[in-house]
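Below are the chains, spelled out letter by letter.
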Amino acid sequence: METILVAGGAGYIGSHMVALLVERGYDVVVVDNLSTGHAQAVKGARFYEGDLRDGDFLEKVFSENRIHGVINFAAFSLVAESVADPLKYYNNNVGGATGILTAMKNHGVKRIVFSSTAATYGEPEKQPIEESDRTNPINPYGGSKLAIEGLLRWCDEAYGIKYAALRYFNAAGANTDAGIGEDHHPETHLIPIVLQCALGKRDHVGIFGDDYPTPDGTCVRDYIHVRDLVEAHLLALEYLDKGGQSGPFNLGNGNGYSVKEIIEAARKVTGMAIPAFVEPRRPGDPPTLIASNRKAEEALGWKPRRDLEQMIHDAWVWHKEHPEGYEG
């Protein structure tokens, strides 16, 4: 049985990764400092609480477990906070990646799947975005992730550590079988915000601009069910095991959903009114962000299988059962 280390495995996407690996029969080790994660979300894995920047801590984890491959989700990810405090983001995100790559080099671990972001592209020149397009992040969060991609490339060249950097925008949904879902404080993601409104925890949803050059005037974004996302991470790990070439892969649905479409789908799924009001545009919001998934489909055999209604349905089930998140 192969042992996979999931860094950031107590977070939203990381915990869903752990659930999938356990379901598929892998032995799973989780490392998380619980700065934004939840210990309750880790099920069926050995859990180590600690920081990736702590070399002695990682030495203990790698010495006690025969790690076959690493999947790294550990990062701060709030764009506005990254703009206000870039040093915090580079220190944590790049510092953490440096720590785990150092431990991998020292212990001869040669496979890593990295949770990158489509924010590495910045303001895209065309839609849908392809992996070969220009990368020019417009915030320190995207900058820190692109810096890690560069580090991965050099570690591949120097130490033979093979990597897949998965670039995606918005994960949504929950794993209702495992009883895990999305719980951020503060919550900044649209679908949970809309569902908080359906639960009566907010009085309305703000639509930031309805005069964009899109079909209904509201911003269009790429959303993927979190279970589709983690399936892509596992396929990427298997691809590297078979000798696949290192590099970036976009994970997108290829179409995108507008803010109004999200709200309408949530009204349909929940049966709730969900008041929504148009508010002024936010600075720096591109009208459309959609990632092409052609490379991931061809190289990894991955395609998202769950639609928007499924994402909202699964998230709604979880939020109804956990109205206060994991603490409720």
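The rules behind the values
Residues numbered from 1 in each chain as written. Predicted model: local features only at pLDDT ≥ 70, side-chain atom pairs only at ≥ 80, totals over all residues. Heavy atoms only, no water. Helix = DSSP H or I, 4+ residues; strand = E, 2+ residues; numbered from the N terminus. Contact = heavy atoms within 4.5 Å. Phe/Tyr/Trp six-rings, centres within 6.5 Å; stacked < 30°, edge-to-face > 60°. Buried < 20%, exposed > 50% of the residue type's maximum accessible area, 1.4 Å probe, protein only. Lys NZ or Arg CZ within 6 Å of the ring centre and 35° of its normal. Axes fitted to C-alpha atoms, helices over the stretch in contact; angles between N-to-C directions. Parallel < 35°, antiparallel > 145°, perpendicular 65-115°, else oblique. Left-handed = near helix turned anticlockwise from the far one by under 90°. Nonpolar A, V, L, I, M, F, W, Y, C, P; charged D, E, K, R; others polar. Expected span 1.5 Å × (residues − 1). Pairing = 2+ DSSP bridges. 1 Å grid on protein atoms, 1.4 Å probe; cavity = no way out; pocket = protein on both sides within 12 Å on 5 of 7 lines; lining within 4 Å. Points joined across faces, edges and corners; volume = space filled by probe spheres on them.

(A) Structural detail: the environment of Pro304. Mapped onto the elements of the fold, Pro304 is located in the loop between helix H9 (294-300) and helix H10 (308-321). Linking Pro304 and Asn293, residues 11 residues apart in sequence, is a C-alpha distance of 9.1 Å. Excluding anything up to four places from it in sequence, Pro304 contacts Ile224, Asp228, Gly252, Asn253 and Asn293.

(B) Quick peek at the packing of aromatic side chains. Within the structure shown, the criterion is met by 3 aromatic pairs. Between the aromatic rings of Phe76 and Tyr89, the centroid separation amounts to 5.6 Å while the plane-to-plane angle is 55°, which identifies the pairing as tilted. In this pair, Phe76 sits in the loop between strand S4 (69-72) and helix H3 (79-84) while Tyr89 sits in helix H4 (residues 86-107), placing the two residues 13 residues apart along the sequence. Under the relative-accessibility criterion, Phe76 is labelled buried at 15%. When the ring centre of Tyr212 is taken as reference, the NZ or CZ atom of Arg281 above it lies at 3.8 Å. If you follow Lys295 out to its NZ or CZ, it ends over the ring of Phe249, 4.4 Å from the centre.

(C) Main features of the packing of helix H6 (residues 190-198) against H10. One can describe the packing of H6 onto H10 by two numbers: an axis separation of 10 Å at closest approach and a directional angle of 55°. By the criterion of interaxial angle, the relationship of H6 to H10 is oblique. Once H6 is placed against H10, the crossing between them reads as right-handed. Of the residues in H10, those in contact with Ile191, Pro192, Leu195 and Ala198 of H6 are Leu308, Ile312, Ala315, Trp316 and His319. Within the contact of H6 with H10, the residues separate by chemical class into 8 nonpolar, 1 polar and no charged.

(D) Highlighting helix H7 (residues 226-241). If you check H7, its first and last C-alpha atoms are 23 Å apart, about what 16 residues at 1.5 Å a residue would give, namely 22 Å. With 13 of 16 residues buried, H7 lies mostly within the body of the structure. Two residues or fewer past H7, Gly243 is found with a positive phi of approximately 95°.

(E) Molecular detail of the sheet that holds strand S14 (residues 288-289). Taken in spatial order, the 3 strands line up as S12-S9-S14 in an open sheet, and their pairing is mixed. Bordering the open sheet on either side are strand S12 (257-258) and S14, each of which pairs with just one other strand. In this structure, strand S9 (residues 220-221) lies alongside S12, joined through 2 bridges in antiparallel fashion. Each bridged residue has a counterpart across the sheet, and for Val220 the counterpart in S12 is Ser258.

(F) Examining the sheet that holds strand S3 (residues 46-49) more closely. In space, the 7 strands of this open sheet follow the order S3-S2-S1-S4-S5-S6-S11, with parallel pairing throughout. Edge strands, defined here as strands with exactly one partner in the open sheet, are S3 and strand S11 (247-250). Averaged over all pairs of adjacent strands, the angle between their axes in this sheet comes to 20°, without regard to strand direction. Pairing between strand S2 (residues 27-32) and S3: 4 bridges, direction parallel. Opposite Asp32, over in S3, you have Glu49 as the bridge partner.

(G) Main features of empty space enclosed by the protein. This structure, assessed with the given rule, holds 1 cavity of 30 Å³ or more. If you add up the space inside the largest cavity, you get close to 30 Å³. Every residue lining the largest cavity is listed: Tyr121, Pro124, Glu125, Ile129, Asp133 and Arg134. The residue inventory of the lining of the largest cavity, partitioned by class, reads 3 nonpolar, no polar and 3 charged.

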